[in-house]
Structure formats: C-alpha cells, structure tokens
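Listed below are the residues making up each chain.
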Amino acid sequence: MKIVMLGAPGAGKGTQAKMIAEEYAIPHISTGDIFRANVKGGTPLGMEAKAYMDRGELVPDELTVRILLDRVAKDDCANGYVLDGFPRTIPQAEVLDSELAKMNDRIDFAIDVEVPDENIVRRMSGRRACLNCGATYHIEHIPPKKEGICDNCGSELVLRDDDKEETVKKRLAVYHEQTQPLIDFYNKKGVLKEVDGTVDSAEVFAAIKKVLA
Ligand code: AP5
C-alpha cells in the first residue's frame with residue numbers, strides 16, 4: 001500500500017503517518033525528518049536545507065526528489081510506504097508518479113488531513129519534537145509521560161526552530177500556494193480521501209482506517 005499524506009503544516013500528518021506505519025507495517029518516510037536529521041548531523045545536505053527551513057520556505061525540488069527516490073528504492077519499501085511531507089509541489093508529485101509508472105505502480109491513497117489555519121498556529125506553539133527519533137508531542141493534547149523527555153528514546157524534547165509564530169504563518173502561505181494544488185491533482189486521479197483533522201488524534205486515525213479498509 002502506497003500512501004501520501006496531505007495537509008497544512010501542523011495538521012497532524014506526522015502523527016497519523018506514524019500510526020498508519022505501525023498498523024500496516026510499512027515504513028513512515030518524512031522528508032522533514034530526513035532534513036532535520038541532516039541538520040542535526042551537520043551534513044552538507046543539512047546545511048543547505050536549514051536555510052530554507054528556517055525561513056519557512058520549501059527546499060528546492062531537485063534536491064528533495066533525489067533524496068526521496070533514494071529512500072523509496074530501499075528494500076523495506078517493497079510492500080509500500082506512507083509519505084509524510086512529500087510530495088509538496090506539483091513537480092514533485094509528477095516525478096513520483098512517473099517513477100512509479102515505470103514499475104507499473106501508483107499511489108493508492110492520498111489522505112488530506114483537514115485543519116483550518118486558525119487552529120494551526122495554536123497547535124504548533126504547543127508542539128514538542130524529538131530530534132533523535134522523530135516522535136512528536138503536544139504539551140496539552142498529546143503530552144509525553146515525563147515533561148520534556150521523549151517516551152520512545154529518552155532524549156530531550158525541543159520546540160522546532162520553524163515552529164515560531166512568524167515562520168508558521170510563512171509556512172502556511174507557502175502551503176496554500178504550492179502544496180494545496182495537490183488536493184486537486186490526487187482528486188483527479190481518484191485516490192483522494194479527506195478526513196477531519198480537528199478532532200482527537202485517535203478519532204482522526206479511526207477515520208483513516210475506514211478509508212483504507
Ligand atoms: P515537515 O517536517 O514536513 O513539516 P510540515 O509539513 O510543515 O509538517 P509538520 O511536521 O510541521 O506538521 P504535521 O502535519 O506532521 O503535524 P504533527 O503530526 O507534527 O517539513 C519541515 C520543512 O522541511 C518544510 O517547511 C520545508 O522547508 C522542508 N521540507 C520537507 N519536505 C519537503 C518537500 N517535500 N519539499 C520541499 N521542502 C520540504 O502535529 C502538529 C502538532 O499537533 C503536534 O504537536 C501534535 O502532537 C499535535 N496534534 C496532532 N494531531 C492532533 C489532533 N488531532 N488534535 C490535537 N493536536 C494534534
């Protein structure tokens with residue numbers, strides 16, 4: 001099963017993608033996590049990506065596509081995957097489509113997690129992320145067992161640099177301009193499924209399981 005997660009920054013794509021990955025035993029691939037791991041490791045890729053991320057802009061397609069195609073070519077992706085944060089532009093979606101078509105394959109579901117902009121800024125300021133294992137929490141809605149510490153790996157949780165209010169507003173503007181057109185793109189392909197992302201994360205997941213059943 002090959003799944004693409006759509007939705008604004010902070011809509012809960014990552015939260016749901018991790019639950020899908022566990023339930024269906026497929027890898028969760030987040031281009032944002034890949035970039036953040038590279039920023040943390042101080043790699044040349046990380047240094048290039050960081051400048052764009054800190055401004056709330058997208059990393060250039062050419063670089064992002066190369067990283068994603070390398071990742072989905074790995075053995076653990078043979079039975080499918082859930083993509084979180086990719087594609088984010090029409091050119092990215094077109095490359096993914098044509099690479100899959102070469103193998104007589106296609107995306108099975110594009111799940112759009114719908115949350116209005118006004119909820120997003122509030123959510124992001126409460127998000128805490130683990131830069132070691134990629135887990136995310138929310139100080140009110142999805143708190144870790146021990147404040148400031150990741151349940152999975154025991155690392156310290158941080159407020160992401162790009163979760164500051166001004167950067168979130170910029171990311172939302174970029175989303176509406178460059179990523180939202182993907183809703184129409186996947187709708188035309190007949191694989192779009194929309195779920196309400198404003199309810200509790202367990203309820204969002206129940207709705208997703210229904211559409212994947
Ligand atoms: P990326 O990491 O992909 O960021 P994003 O799309 O902006 O998404 P987020 O991770 O911010 O949010 P999310 O929807 O996953 O929400 P989450 O589950 O954490 O990308 C970061 C940057 O990298 C980009 O800005 C860009 O520069 C670059 N980049 C990445 N991919 C790229 C690409 N393909 N092309 C070019 N550039 C790229 O949830 C948010 C918060 O809400 C959390 O605190 C969570 O606990 C909480 N929450 C989740 N669900 C609920 C719920 N139902 N109710 C209440 N709270 C909830």
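Now for a look at the structure at hand. Keep in mind that this is a model prediction, so the values were computed, not measured.

Cut-offs used in this document
- Residues numbered from 1 in each chain as written.
- Predicted model: local features only at pLDDT ≥ 70, side-chain atom pairs only at ≥ 80, totals over all residues.
- Heavy atoms only, no water.
- Helix = DSSP H or I, 4+ residues; strand = E, 2+ residues; numbered from the N terminus.
- Rg over C-alpha atoms; globule rule 2.2 N^0.38 Å.
- Buried < 20%, exposed > 50% of the residue type's maximum accessible area, 1.4 Å probe, protein only.
- Contact = heavy atoms within 4.5 Å.
- Areas by Shrake-Rupley, 256 points an atom, 1.4 Å probe, with all protein chains shown as cover.
- Salt bridge = Lys/Arg side-chain N within 4 Å of Asp/Glu carboxyl O.
- Near = heavy atom within 4 Å.
- Polar contact = N/O pair within 3.5 Å; in protein donor to acceptor, adjacent residues only side chain to side chain.
- Nonpolar A, V, L, I, M, F, W, Y, C, P; charged D, E, K, R; others polar.

## Comments concerning the overall build of the chain
Part 1: In terms of helices and strands, the chain carries nine helices and eight strands.
Part 2: Radius of gyration (C-alpha) of the chain: 16 Å, near the 17 Å computed for a compact globule of 213 residues.
Part 3: When its C-alpha atoms are laid out on the principal axes, the chain stretches across 45 × 40 × 35 Å.
Part 4: The proportion of buried residues among the 213 residues of the chain is 46%.
Part 5: At a minimum sequence separation of 6, the contacts of the chain that also span at least 24 residues come to 70%.
Part 6: In the structure as shown, the chain presents an accessible area of about 10800 Å², 50% of it carried by carbon and sulfur atoms.

## Side note on the pattern of salt bridges
Part 1: Inspection of every chain in the model, using the stated rule, returns 18 salt bridges.
Part 2: In this structure, Asp 105 and Lys 2 form a salt bridge, with 2.7 Å as the shortest nitrogen-oxygen distance. A residue pair is termed long-range when its members are at least 10 positions apart, and Asp 105 in the loop between helix H5 (90-102) and strand S4 (109-114) and Lys 2 in strand S1 (residues 2-6) qualify at 103 residues.
Part 3: Classification of Lys 2 by relative accessible area gives buried; the value is 10%.
Part 4: Salt bridges sharing common partners tie together Arg 127, Arg 160, Asp 162, Asp 163 and Arg 171.

## Concerning the site of the ligand
Part 1: In the vicinity of the ligand, 37 residues are found, and the nearest of them are Thr 15, Glu 57, Arg 88, Arg 127 and Arg 171.
Part 2: At a separation of 2.5 Å, an oxygen atom of the ligand approaches a polar side-chain atom of Arg 88.
Part 3: Note that an oxygen atom of the ligand is positioned 2.6 Å from one of the side-chain N or O atoms of Arg 127.
Part 4: Calculation on the ligand without its partners gives an accessible area of 1000 Å², and the protein chains cover 97% of this total.
Part 5: When residues of the shell around the ligand are traced back to their parent elements, those giving at least two are helix H1 (13-24), helix H2 (31-41), helix H6 (117-126), strand S6 (136-138) and helix H9 (201-212).
Part 6: When residues in the shell around the ligand are grouped by element, the largest group, four residues, is from H2.
Part 7: Taken together, the residues of the shell around the ligand sort by class into 13 nonpolar, 14 polar and 10 charged.

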